[in-house]
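Secondary and tertiary structure notes
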Amino acid sequence: MAFRLVIAEKPSVAQTIAAALGIKGKQDGYIEGGGYLISWCVGHLVQLAEAAAYGEQYKKWSFDSLPILPEEWQYAVDPDKGKQFKTIKELMHRADVSEVVNACDAGREGELIFRFVYDMTGCKKPMRRLWISSMEDGAIKAGFASLKDGRDYGALFASALCRAKADWLIGINATRLFSCLYGKTLNVGRVQTPTLKMLVDRDAAITNFKKETYYHVRLMLPGAEAASAKICAADEAGKLKAACEASAAVCTSLVKEKKTIAPPKLFDLTSLQRETNRIYGYTAKQTLDLAQTLYEKKLLTYPRTDSAFLTDDMGETATGIIALLCGKLPFMAGISFTPEVSRVLNSKKVSDHHAIIPTMELAKTDLSGLPETERNILTLAGARLLMAAAEPHTFEAVTAVFECAGQTFTAKARTVLSDGWKGLERRYRATLKTKPDPEDDGESGLLSGTLSFTEGQTFDRPTAKVTEHDTTPPKPHNEASLLSAMERAGNEETDPDAERRGLGTPATRAAVIEKLVKGGFVERKGKQLIPTKAGINLVCVLPEALTSPKLTAEWENNLTQIAKGKADPDAFMGGIEEMAKGLVKSYPFLSDEKKDLFKPERAELGKCPRCGSTVYEGKKNYYCSSRECAFTMWKNDRFFEERKVTFSPKIAAALLKDGRAAAKKLYSPKTGKTYEGTVLLADTGGKYVNYRVELPKKRK
C-alpha cells in the first residue's frame, strides 16, 4: 500500500488535519491511517547554520574576520528538535511513501520551513502543496481534493530563502561589527533596530518638548458655547472678549450631517495585542502566549494572523458562533441581536490565516472554569466578533458658525440616531474592572444633543469668557501604540502587493519588543516602554540604513517581485552582500572616547573615610576613586570569608556611611555555629582595611 506523507508546521495543525480526514492512528511523532502519514515540523525545525559552522576563525567574534559571506550555505537542525527531524527523515525515505505534501502555513515562511526539511533529508519524492486559508473541516477536505504541484511554489521559496539569508548576513555582520567596536553585545536587526529608533525618537520628542500656552474666547449662547480659533497671546484674547461683549454675534451657517462610524474589524494578532494592552495591560508576548494556549485548547482560532476577515465560506460557522456567544457572554443577556455576518467575510483580504474568533468548542466550555487571563482574551475576541457583525453607529452632527467682532466662532453637537455596535461596546466595557479610555473616533469632542439656531439669528452683546490651555507633549510609547507604529512603518514605501508590510510580522513583533527589553535597550515603566541610555546610544552610533524602516520596505518590494518570478534572487543577494561589505569598510576604527560609550556606569557606594572621595564598586573590590588614596575593601577579605558572610554592596555601603553593618549569620570557626553581630569598620589607615565584630549586649 502506498502512503501520502503530509508535513504540517505544528503538532496542533497536524491533529486538526488528521481529524478532518478521519485519521486516528497515533504513532510516535506522526499519525497514520487511510493511506496517510501525517507528521509535523515544530516550527523552524531546520535553520541556517551559525557563523561558527563556516570555520574556526568565526567561533570568536573579531573585527578582522568580518564580513562573513558564506560561499556554500550550511543548514542545521534545531538541537532541541533532533528527534522529530529523525522521525520525518525516516518517513520521507520509507519505501511505501509515494509523495510528500507540504501542509505548512500557506505563505512565505511556511514554504521555507517545509523546504529546509525536505532538502536536508535528501528527499527526492514528488512534492505537492496544500494551500488553504481556513482550518474548517470542509476547507481542509477541499484543499486535499485539489492539491497543487509543489514545483509551482519555487519562486515563493526563492523569496523566502532570500529573506532568511539577507537577515542572516546583515544581522550577524552588523551585530558582530558593532559589538567588537564597542566591547558590548549590541544586537542589530532589520526589524529590531528601526523599532528601537521609534522609541528613541519619541523619547527625544518628549525631552525636547516646550510647553506653549494658548487661549480660546468662548461666546456663551443659549444652549451652546461657540469657541474662537487658537489665540497665542493673553492680552489679544482679552481684547477680543471685550469686543465681543460690546457687539453682536450672528449665526452665519448651520450645517447638519448624518455621520456613520463603521463597526470595528475582527482581530488580527496585532490589533488583539493592542487592545489587550490598552484594556488589561498585557504585554504583546503575554497576549500571544494566552491566545496560543486557547488555540491549543481549541477555543480560539489560529492566533498568528495578519488578517481581519473570515473567508467567504465561513458565513455559517460565524453565524453559529455568534448565536453561541449571545447565550454565553453575560453582557449579551436580554439583547435581541441580528448579526450582519457578510460584514466580516472577505476571502480576498485573508492571507495565510483568517481573523481570530472563538470556536464552537465554546459550547462545551464553562467560561468560569478558565483562568481569568484566558477568559479575558476569549471574551474580548467574542465581543469583537459581535461588534464587527453589528449595525454601524449613526448620529447627526450639527455645526453652527457665528461671526462676532470680526472673528469666527464655532459650536458643535451630536444626536445619536442609532447606537449600533457602540451599544454592545458599552455593555462589554461595563463588565471590566478598570475602564480604559475610549479610543478617539474623531467625533468624541462633540456635545450630546442638538443646536437650536437658525442662519441669520443675532445675539446682542453676548457674554464671553477666555479659557487658557497648554500644549501637551507626546506620550511615551506603550505596547499598543508601538505595535501600531510597527505595523505602519515604511508602508508608504512598500508595494501594496508585498506579502509583509510594516516592521516584522504579527507573530514576531512581540518577540522583538521582548528582545529589546532583555538586551537592556528598553525598559518597562508600568505600561510605558522607555529606551535606556544604551538604547539611545545604539541608535546614535548606527547608520541610517539600519535604523530606518526603508530597508524593510525595499526588501519586501524586491521579495514580492522574486515571489512573482519577476526579479532575480541572485541579484538581490549580491546587493545584500555588498551592503555587508560596505558596513565593515565604513567602520574601521573608533576613538577611545567612542569605544567607552557602552561601558556600564560605575555604582557609587559612598564616601571614602580617609579622603572623602567617591567609593565605587569594582569586580573584586570597593575602591576609592582618588588615585592618591590607597583605601580598598576587598570582596574576598579573609575576615568575611572565615565568617562565611558575602561582602555585599549593601554591607559596604553601610560601613562607609555609618562605620557599622548588621550581620545575621556570622559563622564561628570555634563553635561551628552562627550568631548575630555588627561588623565594624576598624580602619587604621594602613595598606589593608581592618574589621571587627561587636556582639549584641546581653540583657540583665
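Up top you'll find the structure we're talking about.
What you are looking at is a predicted structure, and each value in this text was computed from that prediction instead of being measured.

Our next topic: the pattern of salt bridges. Counted by the stated rule, this structure contains 39 salt bridges. Across the pair Asp 201 and Lys 197 runs a salt bridge whose closest N-O atoms are separated by 2.9 Å. Here the residue Asp 201 and the residue Lys 197 both occupy positions in helix α6 (residues 192-207), the gap between them amounting to four residues, near one helical turn. Between Arg 638 and Glu 642 there is a salt bridge, with the nearest N and O atoms lying 3.6 Å from each other. Of this pair, Arg 638 and Glu 642 both sit in helix α20 (residues 638-642), separated by four residues, roughly a single helical turn. Given a relative accessible area of 63%, Arg 638 falls into the exposed group. Glu 642 gets classed as partly exposed once you look at its relative accessible area, which sits at 40%. Bridged by salt links that share partners, the residues Arg 108, Glu 109, Arg 163, Asp 167, Arg 190 and Glu 556 form one connected network.

Another aspect to go through is the environment of Gly 420. Tracing the backbone through its elements, the reader meets Gly 420 in the loop between β14 (407-418) and α12 (421-430). By relative accessible area, which is 24% here, Gly 420 ends up partly exposed. On a C-alpha basis, the gap between Gly 420 and Glu 391 in space is 4.6 Å, while along the polypeptide they are 29 residues apart. With sequence-adjacent residues up to four places away left out, Gly 420 is seen in contact with Glu 391 and Pro 392.

The final tally for this structure, using the stated rule, is 22 aromatic pairs. Ring plane angle 75° and centroid distance 5.3 Å describe the contact between Tyr 295 and Tyr 302, whose orientation is recorded as edge-to-face. Side by side, Tyr 295 and Tyr 302 carry an identical accessibility label, which is buried. Members of the aromatic cluster, each reached through a chain of ring pairs, are Tyr 622, Phe 639, Phe 640, Phe 647 and Tyr 691. The ring of Tyr 153 carries the charged tip of Arg 129 above its face, separated from the ring centre by 5.9 Å. One Lys or Arg, Lys 644, reaches over the ring of Tyr 667 and ends 4.2 Å from the middle of that ring.

In this fold, Thr 359 is placed in the loop between α10 (315-328) and α11 (372-388). According to the relative accessible area criterion, Thr 359 is buried, its value standing at 16%.

Below, the discussion takes up empty space enclosed by the protein. Where empty space is left in the structure can be found by rolling a water-sized probe over the atoms. Enumeration over the complete set of coordinates arrives at one cavity of 30 Å³ or more. In this structure, the largest cavity occupies an estimated 40 Å³ of space. As for the largest cavity, its lining consists of Leu 199, Arg 202, Asp 203, Ile 206, Pro 476, His 477, Leu 529, Ile 530 and Pro 531. Broken down by secondary-structure element, the contributors of at least two residues to the lining of the largest cavity are α6 and β19 (528-531). Per-element accounting of the lining of the largest cavity gives the leading share, four residues, to α6. Class assignment for the residues of the lining of the largest cavity results in six nonpolar, one polar and two charged.

Moving on, we get to α6. The end-to-end C-alpha separation of α6 is 23 Å, in line with the 22 Å expected for 16 residues at 1.5 Å each. Within α6, burial applies to Gln 192, Thr 193, Pro 194, Thr 195, Leu 196, Met 198, Leu 199 and Val 200. Tucked inside the fold, the buried residues of α6 contact α13 (479-488), α14 (509-518), β18 (522-525), β19, α15 (533-541) and α16 (544-547).

Here we come to α13. α13 sits mainly inside the fold: seven of its 10 residues count as buried. Within α13 the residues assigned to the buried category are Glu 479, Ala 480, Leu 482, Leu 483, Ser 484, Ala 485 and Met 486. Those residues of α13 that are buried are in contact with α6, α8 (269-280), α9 (284-296), α14, β18 and β19. With a side-chain oxygen positioned 3.1 Å from the backbone nitrogen of Ala 480, the residue opening α13 is Asn 478. Among the residues trailing α13, Gly 490 stands out with phi positive, at a value near 75°.

A few words on the environment of Gly 143. Relative to the elements of secondary structure, Gly 143 occurs in helix α4 (residues 137-145). When the C-alpha positions of Gly 143 and Arg 129 are compared, they lie 9.1 Å apart, and in sequence the two are 14 residues distant. Residues within four places of Gly 143 in sequence aside, it is in contact with Leu 130 and Ile 132.

What follows is about the sheet that holds strand β21 (residues 614-617). Each strand in a sheet pairs with another by means of backbone hydrogen bonds, the pair being arranged parallel or else antiparallel. With antiparallel pairing, the four strands of this open sheet are ordered in space as β20-β21-β22-β23. Whereas interior strands pair on both sides, the edge strands pair on one side only; in this sheet they are β20 (604-607) and β23 (632-634). Each adjacent strand pair in this sheet contributes to an overall mean axis angle of 20°, direction not counted. One ladder, built from three bridges, connects strand β22 (residues 621-624) with β23; its direction is antiparallel. Paired with Tyr 622 across the strands is Met 633, a residue of β23. Here helix α21 (residues 649-658) sits on the sheet and contacts β20, β21, β22 and β23; the angle it forms with β20, its principal contact strand, is near 20°.

Moving on, we come to the pairing of strand β1 (residues 3-8). Of all six residues that make up β1, five are buried, and the element is covered over most of its length. The sheet contact formed by β1 and strand β7 (residues 97-103) spans six bridges and is parallel. Pairing of Ala 8 across the sheet is with Ala 103, part of β7. Direction of pairing for β1 relative to strand β4 (residues 36-40): parallel, over a ladder of five bridges. If you follow Val 6 over to β4, its bridge partner there is Ile 38.

What counts and what doesn't
Residues numbered from 1 in each chain as written. Predicted model: local features only at pLDDT ≥ 70, side-chain atom pairs only at ≥ 80, totals over all residues. Heavy atoms only, no water. Salt bridge = Lys/Arg side-chain N within 4 Å of Asp/Glu carboxyl O. Helix = DSSP H or I, 4+ residues; strand = E, 2+ residues; numbered from the N terminus. Buried < 20%, exposed > 50% of the residue type's maximum accessible area, 1.4 Å probe, protein only. Contact = heavy atoms within 4.5 Å. Phe/Tyr/Trp six-rings, centres within 6.5 Å; stacked < 30°, edge-to-face > 60°. Lys NZ or Arg CZ within 6 Å of the ring centre and 35° of its normal. 1 Å grid on protein atoms, 1.4 Å probe; cavity = no way out; pocket = protein on both sides within 12 Å on 5 of 7 lines; lining within 4 Å. Points joined across faces, edges and corners; volume = space filled by probe spheres on them. Nonpolar A, V, L, I, M, F, W, Y, C, P; charged D, E, K, R; others polar. Expected span 1.5 Å × (residues − 1). Polar contact = N/O pair within 3.5 Å; in protein donor to acceptor, adjacent residues only side chain to side chain. Pairing = 2+ DSSP bridges. Axes fitted to C-alpha atoms, helices over the stretch in contact; angles between N-to-C directions.

So, to be careful, I would describe these as geometric facts and stop short of saying anything about function.
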